[in-house]
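# Residue-level structural notes
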Amino acid sequence: MNRFTLSAGVVFTLAVAVTVGLLAFVADRSTDARRHAAALAVFDGLVQTETSLDRDLLQVVAGILPHYDPLVEHVRGLETLAARLPAGDAGTAVLYRARIDAKLDAAERIKGTAAFVRNAVNYVPFRIGRYGETGRPEVLARMQRALIDELAGRPSDAGGAVAVPAAPADGPEAAELAHIALHLGTLRDQKAELRDAIDAYFAIDARGVLETLRTAYLADYARRQWWSQAITLVLVGLTFLLFVALGGSIVRLGRAHRRVRESEAKFSTIFHAAPEPVAIAAVPDGTLLDVNAAFERVTGFTRGEALGRPLQDFAADDEVRGLAAALTGPAPLANREMRLRRREGPEFTALVSLEAARIGRSACCIAVARDITDRIAAEHGMRMADSVFENAREGIMITDAGGTIERINPAFTRITGYAPDDVIGASPRLLNSGRHDRAFYRDLWAALIRDGHWSGEIWNRRRNGEIYPEWLSISAVRDREGRTGRYVAVFSDITTVKRHEAALQHLAHHDALTGLPNRVLLADRMEQAMARTRRSGRAMAVAYLDLDGFKPVNDRHGHGAGDALLVEVARRMAGVLRTGDTLARPGGDEFVILLPDLGDAQECAGVLGRVLAAVSEPVSLPDVGTPVRVSASIGVSLFPDDDSNPDTLLRHADQAMYQAKQAGRNRFQFYDADRDQRVQARRETVAALRAAIGAGRFTLFYQPKVNMRLGSVVGAEALIRWNHPERGLLSPGEFLPLIEETELEVALGEWVIATALAQMADWHRRGIDLTVSVNIAARHLLRADFTDRLTALLAAHPELPRHRLQLEVLETAALEDIGRARTILHVCREMGVSAALDDFGTGYSSLTYLRHLPVQTLKIDQSFVRNLPHDAEDCAIVESVIVLARALGRTVLAEGVESVEQGRRLLHLGCDLAQGYCIARPMPAADLPDWIRTWQADPRWTADDRPDRLAG
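Scope of this entry: the structure provided in the associated data block.

Criteria and cut-off values
- Residues numbered from 1 in each chain as written.
- Predicted model: local features only at pLDDT ≥ 70, side-chain atom pairs only at ≥ 80, totals over all residues.
- Heavy atoms only, no water.
- Helix = DSSP H or I, 4+ residues; strand = E, 2+ residues; numbered from the N terminus.
- Axes fitted to C-alpha atoms, helices over the stretch in contact; angles between N-to-C directions.
- Parallel < 35°, antiparallel > 145°, perpendicular 65-115°, else oblique.
- Left-handed = near helix turned anticlockwise from the far one by under 90°.
- Contact = heavy atoms within 4.5 Å.
- Nonpolar A, V, L, I, M, F, W, Y, C, P; charged D, E, K, R; others polar.
- Core = buried A, V, L, I, M, F, W, Y, C linked by side-chain atoms within 4.5 Å.
- Buried < 20%, exposed > 50% of the residue type's maximum accessible area, 1.4 Å probe, protein only.
- Expected span 1.5 Å × (residues − 1).
- Arc of directions from axis to C-beta.
- Polar contact = N/O pair within 3.5 Å; in protein donor to acceptor, adjacent residues only side chain to side chain.
- 1 Å grid on protein atoms, 1.4 Å probe; cavity = no way out; pocket = protein on both sides within 12 Å on 5 of 7 lines; lining within 4 Å.
- Points joined across faces, edges and corners; volume = space filled by probe spheres on them.
- Pairing = 2+ DSSP bridges.
- Patch = residues over 30% accessible without salt bridge, like charges linked within 9 Å, V, L, I, M, F, W, Y side chains within 5 Å.
- Areas by Shrake-Rupley, 256 points an atom, 1.4 Å probe, with all protein chains shown as cover.
- Salt bridge = Lys/Arg side-chain N within 4 Å of Asp/Glu carboxyl O.

This part covers unusual backbone geometry. Looking along the chain, the bond that leaves valine 283 and enters proline 284 is cis, with omega of 15 degrees. On the secondary structure map, proline 284 appears in the loop between β1 (278-282) and β2 (288-291). Put simply, phenylalanine 639 and proline 640 share a cis peptide bond, and its omega is 15 degrees. As for its position among the elements, proline 640 is in the loop between β14 (631-639) and α20 (646-662). At aspartate 597, a position not held by glycine, the phi torsion is positive, near 55 degrees. On the secondary structure map, aspartate 597 appears in strand β13 (residues 590-598).

This part takes up the packing of helix α22 (residues 743-765) against helix α24 (residues 786-795). At a closest axis distance of 10 Å, the pairing of α22 and α24 adopts a crossing angle of 25 degrees. In terms of orientation, α22 and α24 fall into the roughly parallel class. When the axes of α22 and α24 are compared, the crossing they make is right-handed. Residue-level inspection shows Glu750, Ile753, Ala754 and Leu757 of α22 in contact with α24, the latter providing Arg789, Leu790, Leu793 and Leu794. Taken together, the residues of the contact of α22 with α24 sort by class into six nonpolar, no polar and two charged.

Time to look at the nonpolar core. The biggest cluster of nonpolar side chains holds 79 residues, and the ones touching the most others in it are Tyr702, Val774, Leu790 and Leu906. Tallying contributions element by element places α22 first for this core, with eight residues. Apart from residues lying up to four places away in sequence, valine 774 is in contact with Ala718, Val752, Ile753, Ala756, Leu805, Gln806, Leu807 and Glu808.

Attention now moves to helix α29 (residues 872-887). An ideal rise of 1.5 Å per residue puts 22 Å on 16 residues; α29 measures up with 22 Å between its terminal C-alpha atoms. Those residues of α29 lying buried are Asp874, Cys875, Val878, Glu879, Val881, Ile882 and Ala885. Within α29, the buried residues cover an arc of 160 degrees as seen down the axis, which keeps them to one side. Residues Ala872, Glu873 and Ala887 are exposed on α29 and point more than 90 degrees away from its buried face. Along its buried surface, α29 packs onto β21 (834-840), β22 (857-860), α28 (862-865), β23 (891-895) and α30 (900-909). Near the N-terminus of α29, the side chain that reaches the backbone nitrogen of glutamate 873, with its oxygen 2.9 Å away, is that of aspartate 871. Following α29 by one or two positions, glycine 889 has its phi on the positive side, about 75 degrees.

Evaluation of the coordinates by the stated rule reveals six cavities of 30 Å³ or more. Considering only enclosed or pocket space, the largest cavity measures out at about 170 Å³ in volume. Along its surface, the largest cavity is lined by 17 residues, and Phe295, Leu311, Leu340, Ala367 and Ala369 are the ones closest to its centre. Among the secondary structure elements, those contributing two or more residues to the lining of the largest cavity are α8 (293-299), β3 (333-340), β4 (348-359) and β5 (362-371). Classifying every residue of the lining of the largest cavity gives 15 nonpolar, one polar and one charged.

Before going further, it helps to spend a moment on the pairing of β22. Burial of β22 is two-sided: the residues Thr857 and Lys859 facing one way and the residues Leu858 and Ile860 facing the other way are all buried. Relative to β22, β21 is paired through three bridges, and the arrangement is parallel. In the strand pairing of β22, alanine 836 is matched with threonine 857.

On the surface, Phe240, Leu241 and Val244 cluster together to form a nonpolar patch covering roughly 290 Å² of accessible area. Here valine 244 is to be found in helix α6 (residues 206-246). Judged by its relative accessible area of 47%, valine 244 is partly exposed.

Turning to the sheet that holds β5, a few remarks are in order. An order of β2-β1-β5-β4-β3 is seen for the five strands of this open sheet, with the pairing classed as antiparallel. Edge positions in the sheet fall to β2 and β3, since each of these pairs with one other strand and no more. Ignoring which end each strand starts from, the neighbouring axes of this sheet average 30 degrees apart. Judged from the three bridges that link them, β1 and β2 form a sheet pairing that is antiparallel. Counterpart to alanine 279 in the pairing with β2 is valine 291. Helix-sheet contacts for helix α11 (residues 373-391) involve β3, β4 and β5, and the interaxial angle to β4 is about 150 degrees.

Glancing now at the sheet that holds strand β8 (residues 453-461). The five strands are arranged β7-β6-β10-β9-β8 in an open sheet whose pairing can be described as antiparallel. At either end of the open sheet lies a strand with only one pairing partner, and these are β7 (405-408) and β8. On average, adjacent strands in this sheet sit at an angle of 25 degrees to one another, irrespective of strand direction. Of the pairings in the sheet, the one linking strand β9 (residues 467-478) to strand β10 (residues 484-493) comprises nine bridges and is antiparallel in character. Paired with leucine 472 across the strands is phenylalanine 491, a residue of β10. Helix-sheet contacts for helix α14 (residues 438-451) involve β8, β9 and β10, and the interaxial angle to β8 is about 150 degrees.

Coordinates in, geometry out; function isn't part of it.
And the structure:
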């Protein structure tokens, strides 16, 4: 082998070796370029995904994003891309991944808290609305105001805590108020937590760490490129010399191969670094030959999963046919909006373009897709924002930085009356009402410039000149540099709210029926009057007034007539009071009169005399034929003689009022401390009586009624006794007066009837049929349910003849409401129960009333019997009663007979029936049967079987 051949072989061998090395190095550079493009794509993808996450989190907080799927996709994308960060600064990469993990944790916190706030914003108004159906208006208004304050970002009246008005200690209302207050407080806490979560999220500087990592990577890549270029130049130079040595053809071939490889490298770099998904597909079946990194990132399919599958597999079901037609069609597909599939998650919308190409001898197409999901969402958000602007119930005004109005919404026109043409280009000063001074607007602008927002109550003027209140919120819209470009003002007309507040304020301090001050306003005025009295050295009076006879009017003619009577009486009293006096109505038929600046008690008496006269005048009521008449009982406490607090003054006046009632009504009574002590003792006794009923300490004694002429027992009167634990057996006179006109009187009366009926039933079973009378108080008799209760008590003893029960009614009780008493006694008579008029002759009854009262017996009061037979006047009265009873067909019975002579005189006057100590004292029920069997009338009674001239 010659030297040339050897040299040529060596050169050829070297050329081949150098060429192979050069090709390997170029291939490595191509691979490195692809890795570089992929690394850049990872960096760009992290920036883009993190930006998208920031934007969607803000949309979640604003309530614009309807679901959290985009957030999930961004989280997954960040985690995937962070895992694909190129090798480089390992410490910085670890720091960046830690920052990303922290941001994702903060994003999860924001997402959960925002969902809770959105639910609470929808739930709390629903609960308040439910409470408003049955709850108290003042509590509802306060809760609504608390919710408005919270949603508008204003602090509540309680300094951040929800103030719940007074309510019952338990029950549905208290539970509902507590529930609403809990959710309002939770809403406030969650909003604060949401703000903290957002601040924490944006405080995490992952972007800066990523930029540091990217800078380090690019510097490292630049160094590698420098060495790569140097080596490439050496190899290229050596190859050039070898190719020159081997001939121009080899040189030209090398150059051609180099250009092809460089073109392929450029194409690969552009292909894989493209930010939009790009795929190369065979025509016409659409089989994928290659996809870029953006395709993997957007669709979620890896390159290995995508290659070999038809392009149609990545289109939504209803888009497959159109994509297949585009692959085989003669014209390219340009920016067609199509819905594409992801490996996981919802479909997305993209602009798809197909461009025909040839790779080698194969017909292919290049498919490019641009994801426009964010753009569509942004457009939807803009349309939604515009819809909110146009349909908001609050007025909205947008101005430029100089305050010139640029845009208003329809609610602005509805509230103010100004159309867009009237205000656009004008200044908001045209709305000024003139009610605020320069300082107000100066403070407003100072807060707006300092804080970027201002909110508060303001009075403005409508186009028609009407001044109205509104709640106004102004916010400055600033650019990234912090410069204010526009102002947005949102306001709502609160005229109705102000009226409602005024109405509630009036209701809180005034009586709804009469319009007079109520107890709350009265207490305030009493405090003020007491302070003035201390300074002036004069006197002040508190008069507590209760209407006498109001209940019968209310019961007989209805509540409407009762209300009309209260209104008229209030008007009359207000008309006779002095200027500066206060007339208040705490409730019911009770009034309080506050009389300040009095010289002495005599001046107070003059005013109260006029009040009594005004009240006692007849009152004509609607739908009531005849005028009604009531009177007043007034109790008075004088300050500072009675140097007490307002509540004690009222209580003392109330006690004096009851003294006035007991003294005969239609009068006033000054508070007496000594008498108050006696009243307190009376109250203690009443409390003991109430306890005695439950403890079974009462018993019934029975006093026989006899026919003195025939010597027979005709009945017995049931008389209550109290087995006092300390004082022993007490008679009715020692405790019954203490419970007059109270519910305890009724309860004790029912116990007497029930006990007497049970005893009569026991006697009936033992063969003793005896008429028993029970005493009925006026309050008990005139109750609306008296006959129903009596029927129920009688029904408990069906075997007992009803005529054996007799009701003894005091003459004064029958006359208190003669019409009602007559009706009730008629019903009792129809039931078979008879009635007796007790203490007859002491109540000044008219013969007309007596003639119509359905009573069978008149009981002559013992005060007329006591002085028989010696007192001529008493004899005449008794004789008149007996004559009257016979004329009216009534039976007459004398009570309190204590001597045989009294009995004889009664017999001579024509009265055969009697009861009293001369006959028998009241005795226990167990003793009465034996007494009946052994009793005999005095012979002087039975011997005288002829009455005097009255008998004839």
